[in-house]
Amino acid sequence: MNATQDPRPPKAVRISSGPDALAGLDPFLAAVAAAVGDVPALLSLAADAGSWAPAPGTGRTAFLWELLASVTAVDVAAGRILEPHLDAAAILQQARDAGEAGASTDLEGTWGVFAAEAPGLSLTAAEEGGRTLLTGAKPWCSLAGQLDRAVLTAHLPGGGRAAFAVDLHADGVSVADPGWTSLGLREVPSGTVKFDAVPATPLGGEGWYYRRPGFAWGGIGVAACWLGGAVAVARSYRDALKAAEDRGRAPDQVALAHLGEIDRTLAGLTAYLARTADRIDAGDLSGSGAWPEALRVRGAVASAVERIQALVSQNLGPGPLVFDAAYGKRMADLALYIRQHHAMRDDAQLGSLVFMGFEGDEPW
């Protein structure tokens, strides 16, 4: 067993599914647990899940999020590897369903989704000789050197951005060494990829990638991963309290109060995700209200993750950070992963949408 593997058997994270559906995840979660730290094996499992995991908005959105949360509860990096592959699968399917040009791309191999931007770097797409060619650089491309393909966004000559599918093994693709020094998500380095006239397949026209409701749904899928990491931290805290009691040290009121706060926080989040999944499957979050709701969910989960990590760390002290490799890895991985949430800047974006008004249900 890898030193950073959790010795406890994996347990699914429930959002709304019944015991039988969750039990069906057990073999996959066991395989993930056995593959912790082995990126090729985790990528292979992601490719396998792409053949059976439901896409958001197809009637089983809650189960998709349970899969993402459950894998991340086993190992945060494993969830970070699985999520973009399933997101790419959903994007390709959404493009096919919308009848967008070039949407015949099949989900073969392992995929990433690269949509980040950074100052001084730009990727452009231009038509040349009947082909779409990508030229420039794309930042924050996680595992680009180990993936087969990616959905990415690029700037168009006339302005705006569009999505494309690209073969990462094609001539003209070069992956820079990211110089990854982080102690969190060490298995998932994210660096810059350069493209020199690389052929790409368009997935929708200008702005389609961002306008589709699946953009918001995918953002909530990431939050489901964060939730899974928080559940794992909470479970380790409860187990630590029980182990201490077995050694003759019962938890005091502060420790129990914090466990109670963690419980009601997680119960509230899972209920929120269950309700949101039902709304997506019912078609209630397919318009302009989808992104504000995604911002609410992501903000609620990110804040809860930070609060739970703080409570557990304060109560358990430095011991597990020093001597429990699985616990230390989880805390470091999760702290980095939730930085995909932009905190007050995302709240400012939500506040702007609320201030200007938007079509769809307003919660208050």
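Everything below is about the structure shown above.
Residues numbered from 1 in each chain as written. Predicted model: local features only at pLDDT ≥ 70, side-chain atom pairs only at ≥ 80, totals over all residues. Heavy atoms only, no water.

## Points about the overall build of the protein chain
Using the following cut-off: Every helix listed is a DSSP run of H or I at least four residues long, and every strand listed is a run of E at least two residues long, numbered separately from the N terminus. The quantity called the radius of gyration is restricted to C-alpha atoms. Its globule counterpart is 2.2 Å times the number of residues to the power 0.38. Buried means the residue's accessible area, taken with a 1.4 Å probe over protein chains only, is under 20% of the maximum for its type, while exposed means over 50%, and partly exposed covers the values in between. It only takes one pair of heavy atoms within 4.5 Å for two residues to be counted as in contact. Only four residue types enter the tally: Lys and Arg on the positive side, Asp and Glu on the negative side, with His and both chain ends excluded. Taken as the charge location is NZ of Lys, CZ of Arg, CG of Asp or CD of Glu.
A tally of helices and strands in the protein chain yields 12 helices and 7 strands. Taking 21 Å as the expected radius of gyration for a compact globule of 364 residues, we find that the protein chain reaches 21 Å, a close match to that expectation. Taking the principal axes of the C-alpha coordinates as reference, the protein chain spans close to 75 × 45 × 40 Å. Within the protein chain, the proportion of its 364 residues that are buried is 49%. Sequence separation of 24 or more characterises 74% of the internal contacts of the protein chain that already satisfy a separation of 6 or more. The positive charge centre, built from 29 side chains, and the negative charge centre, built from 41, are 5 Å apart in the protein chain.

## Observations regarding the packing of aromatic side chains
How we decide: Note on ring pairs: Phe, Tyr and Trp rings are taken, using the six-membered ring of Trp, and paired if centres are within 6.5 Å. Classes follow the plane angle, with under 30 degrees stacked, over 60 edge-to-face and the rest tilted. When the NZ atom of lysine or the CZ atom of arginine is within 6 Å of a ring's centre and also within 35 degrees of its normal, the charge is said to sit over that ring.
Going through the model one piece at a time under the given rule, you end up with 6 aromatic pairs. Relative to Tyr210, the ring of Tyr209 has its centre 5.0 Å away and its plane inclined at 85°; by these criteria the two rings are edge-to-face. The buried category is assigned to Tyr209, whose relative accessible area is 4%. Following the ring pairs from residue to residue traces out a cluster consisting of Tyr209, Tyr210, Phe215 and Trp291. It is Arg212 that lies over the ring of Trp208; its NZ or CZ is 5.7 Å from the centre. A cation over an aromatic ring shows up here: Arg212 above the ring of Tyr209, its NZ or CZ 4.6 Å from the ring centre.

## As for the side chain of Ser142
Considering the arrangement of structural elements, one finds Ser142 in strand β3 (residues 131-142). Residue Ser142 is classed as buried on the basis of its relative accessible area of 9%. Other than its neighbours up to four places away in sequence, Ser142 contacts Arg80, Phe114, Leu147, Val188, Pro189 and Ser190.

## A word on the pattern of salt bridges
To keep it simple, the criterion reads: The term salt bridge refers to a pairing of a side-chain nitrogen on Lys or Arg with a carboxyl oxygen on Asp or Glu at a separation within 4 Å.
This model, assessed by the stated rule, comprises 9 salt bridges. Among the salt bridges present, the one from Glu187 reaches Lys329, with a minimum N-O distance of 3.0 Å. Linking Glu187 in the loop between β6 (173-175) and β7 (190-203) with Lys329 in helix α11 (residues 325-337), this pair joins segments that are 142 residues apart in sequence. As far as the burial class goes, Glu187 and Lys329 line up, both buried. Here the salt bridges share partners, and the residues they tie into one network are Asp75, Glu187, Lys329 and Asp333.

## Describing the pairing of strand β5 (residues 161-167)
The test is simple: Think of it this way: DSSP has to see at least two bridges between two strands before they count as a pair.
Most of β5 sits inside the fold, with 5 of its 7 residues counted as buried. Taken together, the 7 bridges between strand β4 (residues 149-155) and β5 define a ladder with antiparallel strand orientation. Looking at the pairing, Arg149 lines up with Asp167 of β5. Taken together, β4 and the strand that follows it, β5, pair antiparallel across an intervening segment of 5 residues, in which Gly159 is found at a positive phi of about 105°. Where β5 and β7 come together, 4 bridges link them in antiparallel fashion. Pairing of Ala165 across the sheet is with Thr201, part of β7.

## Examining helix α2 (residues 26-35)
Because each turn of an α-helix spans 3.6 residues, side chains separated by three or four positions end up pointing in the same direction. Rule in force here: Within this analysis, the arc is defined by the directions that extend from the helix axis to the C-beta atoms.
Buried residues of α2: Phe28, Leu29, Val32, Ala33 and Ala35, and no others. Down the axis of α2, the buried set is contained in an arc of 170°. They therefore lie on one face. Residues of α2 that are exposed and point over 90 degrees away from its buried face: Pro27 and Ala34. Buried positions along α2 lie against α3 (39-49), α4 (61-74) and α5 (76-97). Positive backbone phi, approximately 90°, marks Gly37, located one or two places after α2.

## Some remarks on the packing of α5 against α11
The test is simple: Axis definition: a line fitted to C-alpha atoms, limited for helices to the stretch in contact. Angles are taken between N-to-C directions and run from 0 to 180 degrees. Roughly parallel covers angles under 35 degrees, roughly antiparallel covers those over 145, roughly perpendicular covers 65 to 115, and oblique covers all other angles. Side-chain classes are defined by residue name, with Ala, Val, Leu, Ile, Met, Phe, Trp, Tyr, Cys and Pro counting as nonpolar, Asp, Glu, Lys and Arg as charged, and the others, Gly among them, as polar.
Between α5 and α11, the shortest axis-to-axis distance is 8 Å and the interhelical angle comes to 40°. Classed by the angle they form, the pair α5 and α11 counts as oblique. Seen from α5, the contacting residues are Val76, Ala77, Gly79, Arg80 and Glu83; seen from α11, they are Lys329, Arg330, Asp333, Leu334 and Tyr337. Broken down by class, the residue content of the contact of α5 with α11 amounts to 4 nonpolar, 1 polar and 5 charged.

## Overview of the nonpolar core
Short version of the rule: Grouping buried Ala, Val, Leu, Ile, Met, Phe, Trp, Tyr and Cys residues that are joined through side-chain atoms within 4.5 Å yields what is termed a nonpolar core.
The biggest cluster of nonpolar side chains holds 98 residues, and the ones touching the most others in it are Trp65, Leu134, Phe195 and Trp226. In terms of residues, this core owes the most to one element, helix α7 (residues 213-246), which gives 16 residues. Aside from chain neighbours lying at most four places away, what touches Phe195 is Leu123, Leu134, Thr135, Gly136, Lys138, Leu152, Val166, Leu168, Gly172 and Val173. Among the nonpolar cores identified, the runner-up in size contains 11 residues, and Ala163, Ala165, Leu203 and Trp208 belong to it.

## What about α11?
Cut-off, in case you're wondering: One less than the number of residues in a helix, times 1.5 Å, gives the span that helix is expected to have. Polar contact is defined as a pair of N or O atoms within 3.5 Å, subject to the rule that within protein one atom must be able to donate a hydrogen and the other to accept it, and that residues adjacent in sequence are counted only when both atoms are side-chain atoms.
An ideal rise of 1.5 Å per residue puts 18 Å on 13 residues; α11 measures up with 18 Å between its terminal C-alpha atoms. For α11, the full list of buried residues reads Ala326, Tyr327, Gly328, Lys329, Arg330, Met331, Asp333, Leu334 and Tyr337. Looking at the buried positions of α11, the neighbouring elements they touch are α4, α5, α7, α9 (290-316) and α10 (319-323). Two or three places before Ala326, at the opening of α11, Asp324 has a side-chain oxygen 3.2 Å from that residue's backbone nitrogen.

## Focus: the environment of Val312
With respect to the helices and strands, Val312 occurs in helix α9. For the pair Val312 and Tyr237, spaced 75 residues apart in sequence, the C-alpha separation works out to 6.2 Å. In contact with Val312, other than residues within four places in its own chain, are Val233, Tyr237, Ile262, Gly317 and Tyr327.

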